[in-house]
Number of protein chains: 4
Amino acid sequence: MSWLPDSIMSRRGVASGKTKETHHLTEDAQGKFHYTIGPYSEPVLVIQPGDKVIVETKDAFEGKVKTENDLPSKVLQMPFVNPQNGPIMVEGAQKGDVIAVYIESIKPRGENPRGTCAMIPDFGALSGTALTAMLHPSLPEVVRKVDVDEKGVYWSKRVTLPYKPHIGTLSCSPEIDSINSLTPDSHGGNMDLPDMGPGSITYLPVRSEGGRLFIGDAHACQGDGEVCGTAVEFSSTTTIHVDLIKGWEISSPRLENEHLIMAIGSARPLEDATRIAYRDLILWMSAEYGYDKWDAYMMLSQCGKVRLGNFVDPNYTVGAGIEKKYLTI
Amino acid sequence: MSWLPDSIMSRRGVASGKTKETHHLTEDAQGKFHYTIGPYSEPVLVIQPGDKVIVETKDAFEGKVKTENDLPSKVLQMPFVNPQNGPIMVEGAQKGDVIAVYIESIKPRGENPRGTCAMIPDFGALSGTALTAMLHPSLPEVVRKVDVDEKGVYWSKRVTLPYKPHIGTLSCSPEIDSINSLTPDSHGGNMDLPDMGPGSITYLPVRSEGGRLFIGDAHACQGDGEVCGTAVEFSSTTTIHVDLIKGWEISSPRLENEHLIMAIGSARPLEDATRIAYRDLILWMSAEYGYDKWDAYMMLSQCGKVRLGNFVDPNYTVGAGIEKKYLTI
Amino acid sequence: MSWLPDSIMSRRGVASGKTKETHHLTEDAQGKFHYTIGPYSEPVLVIQPGDKVIVETKDAFEGKVKTENDLPSKVLQMPFVNPQNGPIMVEGAQKGDVIAVYIESIKPRGENPRGTCAMIPDFGALSGTALTAMLHPSLPEVVRKVDVDEKGVYWSKRVTLPYKPHIGTLSCSPEIDSINSLTPDSHGGNMDLPDMGPGSITYLPVRSEGGRLFIGDAHACQGDGEVCGTAVEFSSTTTIHVDLIKGWEISSPRLENEHLIMAIGSARPLEDATRIAYRDLILWMSAEYGYDKWDAYMMLSQCGKVRLGNFVDPNYTVGAGIEKKYLTI
Amino acid sequence: MSWLPDSIMSRRGVASGKTKETHHLTEDAQGKFHYTIGPYSEPVLVIQPGDKVIVETKDAFEGKVKTENDLPSKVLQMPFVNPQNGPIMVEGAQKGDVIAVYIESIKPRGENPRGTCAMIPDFGALSGTALTAMLHPSLPEVVRKVDVDEKGVYWSKRVTLPYKPHIGTLSCSPEIDSINSLTPDSHGGNMDLPDMGPGSITYLPVRSEGGRLFIGDAHACQGDGEVCGTAVEFSSTTTIHVDLIKGWEISSPRLENEHLIMAIGSARPLEDATRIAYRDLILWMSAEYGYDKWDAYMMLSQCGKVRLGNFVDPNYTVGAGIEKKYLTI
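Heads up: these notes are all about the structure in this document. (Residues numbered from 1 in each chain as written. Chains lettered and ligands numbered in written order. Predicted model: local features only at pLDDT ≥ 70, side-chain atom pairs only at ≥ 80, totals over all residues. Heavy atoms only, no water.)

## With respect to the interface of chain B and chain C
Then comes step 1: Opposite the 32 residues of chain B that make contact, chain C presents 32 residues.
Then comes step 2: Across the interface of chain B and chain C, roughly 2,700 Å² is buried in total on both sides, 61% from carbon and sulfur atoms.
Then comes step 3: Among the residues chain B hides against chain C, the three largest losses belong to Leu-135, Ile-176 and Arg-279 of chain B. Together they make up 24% of the total.
Then comes step 4: Inspection of the region where chain B meets chain C yields two salt bridges.
Then comes step 5: A salt bridge links Asp-272 of chain B to Arg-268 of chain C, with the shortest nitrogen-to-oxygen separation between them at 3.5 Å.
Then comes step 6: Seen at the junction of chain B and chain C, the total is nine residue pairs in polar contact (both at pLDDT 80 or more).
Then comes step 7: If you tally residues by element for the side of chain B that touches chain C, the top one is helix α4 (residues 270–289) of chain B, at five residues.
Then comes step 8: When its residues are assigned to classes, the side of chain B that touches chain C shows 18 nonpolar, six polar and eight charged. (Contact = heavy atoms within 4.5 Å. Buried area = accessible area lost by both parts, 1.4 Å probe. Salt bridge = Lys/Arg side-chain N within 4 Å of Asp/Glu carboxyl O. Polar contact = N/O pair within 3.5 Å; in protein donor to acceptor, adjacent residues only side chain to side chain. Helix = DSSP H or I, 4+ residues; strand = E, 2+ residues; numbered from the N terminus. Nonpolar A, V, L, I, M, F, W, Y, C, P; charged D, E, K, R; others polar.)

Printed below as a string of structure tokens:
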């Protein structure tokens, strides 16, 4: 894409966005997948800034929901869900840097029906949960297997949804915490942000040596909020370019695509996630695009874009963005 | 527009979407504007289903912020802000019905700089407020006067924003409450939803005889969340068609435009506003588009669209929508 | 009580806490009870500062739940619940003043079983509600009739609870809003604070001529949070002394009893209610007890007392208090 | 104490509440303190059910704030705060069990002024924070050093507060997460609950082999909510008895003292923490005290007690309790 050379990644990355080596992180190469994102697991791969990695991700159910009769409550054992590839070590990455992840493509893997959506007991935005504790009996457990290819998501006889894949979980490691892969937080994690698809660059704060990049949880498509608790989860072959930006201290992930820049907040309640995202966007506009802080605040009140990632996880995720055309000087 | 005859308003309205008489609710005809939305004020107009009303709305500052030196804290006296036109009585409207408001156009009124944006002390999403009480000194009070015409919002030398007007406050009266015009709730009110612009139809629950329609608070443009607390507020000439749908009991406002249907929730915390919106959308899809409830829930998890209205008012507003192309049978 | 002459009411009230005339606001004298608290209803009584009023309050179900078979969803018609006595006009009260209400006694009225507790569909802290919207079927509707006298609340064969009555709903009128009697807010309203019993003085902000005092919703006892949505609701004969403090501008209700002072916040989410209460307590300690603001903040971190009123109403209520022994100089 | 033999710990513990061996976990024996609570750290001690452990805890500032000039932002390096003793392995403890911790005593250690309270930038309930993101400048950073002995906390010339110590942070390890010691969650952690003092028993869910008990963060006293963000933090010698209850699966910590039982919830927003606590208390009353679920729910609405732990940490903590006198059959 023509905008890529102008991206922050290309302008400021160690590799200047140029691709060097290509690595294959197959299921076999990965071996053991991870259920927490932290500094305590064994690296699976060491790469240079600018390298490309082709990753075979497993779906969030780890492939165990093969038919509509495979109820998650039967075939899964919490907290062993949402398996992650990684950690991938990026040479030279240190606390205070940023790892940039450009997603080149996300392609379906495995046999159809590859896609799985489920209503899981005591999970989802319109259900009592472990956190929003209620006295109601659980909602029914329902599994939906869905054919997926690069042309569409064949939801029902009536409805075909567009294939708009994205990566649900992406992060470097926290400094000392090891956080289950269901929870998004300031490190990234399970953000479930539809913008994190092919053509996007995500900027992740590095908090430990090598960054320790984790990736997983591909979705063939997802609505804002991922309201029932799951997207069309599927196994993917995801190709990423990874670069390193030295000395860019950011407090939570940021994203860029051809048209906009977006700051990302994860917290509860949902207004706090939104506050984080908008404040970080203002700080970003001030620091790098010459905006006076109050001017940015007032202007975003006129043209800010909000994307709801998930509001079903232990933290909710919100992206606040502005179109690049308003950033040019 | 070609979709209008297929709209719910046209299919089910008493007037079948056909325009009958045209009324002019000028500033003079309005006389006294209202700061609460309730059943205790004198009707200013009585109309028939199908009538058109051309309304002269005042801006949310009631026109008192004429220059960048007119600080809101000096020229305004709370709670006398966000003046509303109305109440307009719709003949035949009764509790349990719906009043449909199609917005035909919103045009600027008055001299330039017509637009006003302000950072008001202790108001806004990134400021301590009366509700999110903090011990910080207030943020600075800043007024921004902006030229607005139907071609653009001239924000700064650097940035011209598109003219995308909408109505910030629209509602029928609650049954017994009289709610200040700053607060959105299940009756509607100060929703600040950018989708409520020309070409949209808003469906409002009727809770008292005649419905008692209020309208005001035009915005020349607004970002998601209205983050600093105000949009580009301006005086407008707004043309609406009003119809009546008998016996359609809805619990909060709904919206329709050419491409989508949207349910609207207003509450705190923000997740509750989102829950209201998504649940109502599911109930709507079940009741009128032949969707099984769980199918709707799971499908919205793949294609639902969330719009953040405001997250600065005493309640926050969220719209949850689905594209009409997925509703056809 | 010995502390009363030292109370703020006695020290600063127009009547200096002295009782003058006694009024009887019987059910008959009240006639029509009110379901909203606002400036639009007809005064039922005019009193002088220092007068005593003996009020016959109705229970929150308006006496319609006489047996355990009288389901609220059948015998009540929302929003016509929680009937209020008043408005009582206090001569001389003006915006910017405070009306002080000392509760002398709350005695049961009517035949036993006088007390009513109920699980009402889609209401209560552990149930999906209109605001915390869920897809679960409603919890069961259950009515519990309970004998109550001044010695106890005879909950079950197993458990007798102490008779510790309080007034659930107490307020002056908002300036322009008329707020249903289920909702607490900065004017007071349905706070459901167990501290608001005999021996307490509540300070209410006056926002309109005469103050327009409303009172109702007596509880024979109530736990913190009123978790199922209702207390032991009963009809009462409540005796109050009313005084007027001129020129004391407070932003939300405050309370005093023999041992503590307490500031009261009502909002959602619950942390915002708590923030309001604690901030107001700090401002109170600073303004009137010679505390440096930061000293008060840090000291309350060591000895502040939090009482959860309700967390079931449209707003939640929290009291933040400090023992008077720490306030002496 | 006479109630101890009747406690759940004594009735159901492997050691039946009887003390066996006594261990000394001095600062030296501890060596390296921990900043995360998880399964990845080296055990420091292995004990039998029934053993007593005398623990030398460090204060939350790790002793680095020695004078009022030692500003936390200067002498501390986030996230290396709130150091924990442990992990202590309890023989026989397995996932699905409970570790019971009876606190016998908490005594001050070190030289006076031993106590430290601080306002830390961007931390505290009435300050913008990393989560409740605001655009205000930080509140001032203030350190308060306080003399503490077993007779009192000498806050100021004007005020002496009672010495009412408790343990702020107590937990077994999560199964796979390693959670920083500032964050309370379903495993326990930084709950800051004033009830967790001498004479209390805390029941902690075991999620990994040996339980991996962590303890730290003693407070000489603390108000409800720990509103400024810190209590009177001090180094302590804390004596605990530890027992093991096999096969008692609990979803979050519970507490018992002479007079009440209490369930504990940690989450955001604060209503969710309260919901967790109350629901768990209802389930507890149903499972072990013969209460019908709806009876428990309705009765707690009349006599439940709520304690606010902290509402300043990444999660807020609430205890919901009922007096034991209502539990007897």
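## Side note on helix α5 (residues 293–303) of chain C
The α-helix winds at 3.6 residues per turn, so residues separated by three or four positions along the chain end up facing the same way.
Then comes step 1: Most of α5 of chain C is tucked away, with 10 of its 11 residues classed as buried.
Then comes step 2: Residues Trp-294, Asp-295, Ala-296, Tyr-297, Met-298, Met-299, Leu-300, Ser-301, Gln-302 and Cys-303 of chain C constitute the buried set of α5 of chain C.
Then comes step 3: Those residues of α5 of chain C hidden inside the fold are in contact with α4 (270–288), β18 (305–308) and β19 (316–323) of chain C together with β7 (115–119) and β8 (142–149) of chain D.
Then comes step 4: Where α5 of chain C begins, the capping side chain belongs to Asp-292 of chain C, and its oxygen is found 3.0 Å from the backbone nitrogen of Trp-294 of chain C. (Buried < 20%, exposed > 50% of the residue type's maximum accessible area, 1.4 Å probe, protein only.)

## Things to note about helix α4 (residues 270–288) of chain A
Then comes step 1: Taking 1.5 Å per residue as the helical rise, α4 of chain A with its 19 residues ought to reach 27 Å, and the 27 Å between its terminal C-alpha atoms agrees with that figure.
Then comes step 2: Looking one or two places after α4 of chain A, you find Gly-290 of chain A, whose phi comes out positive at around 70°. (Expected span 1.5 Å × (residues − 1).)

## Points about unusual backbone geometry
Then comes step 1: At the junction of Gly-86 of chain B and Pro-87 of chain B, the peptide bond is cis and its omega measures out at -5° in the coordinates.
Then comes step 2: Each neighbour pair has its own omega, and for Arg-268 of chain C with Pro-269 of chain C the value is -10°, a cis peptide bond.
Then comes step 3: Along the chain, Pro-269 of chain C falls in the loop between β17 (260–267) and α4.
Then comes step 4: In this model, Ser-16 of chain C sits at a positive phi of 50°, which is unusual for a non-glycine residue.
Then comes step 5: One can find Ser-16 of chain C in the loop between α1 (8–12) and β1 (22–25).

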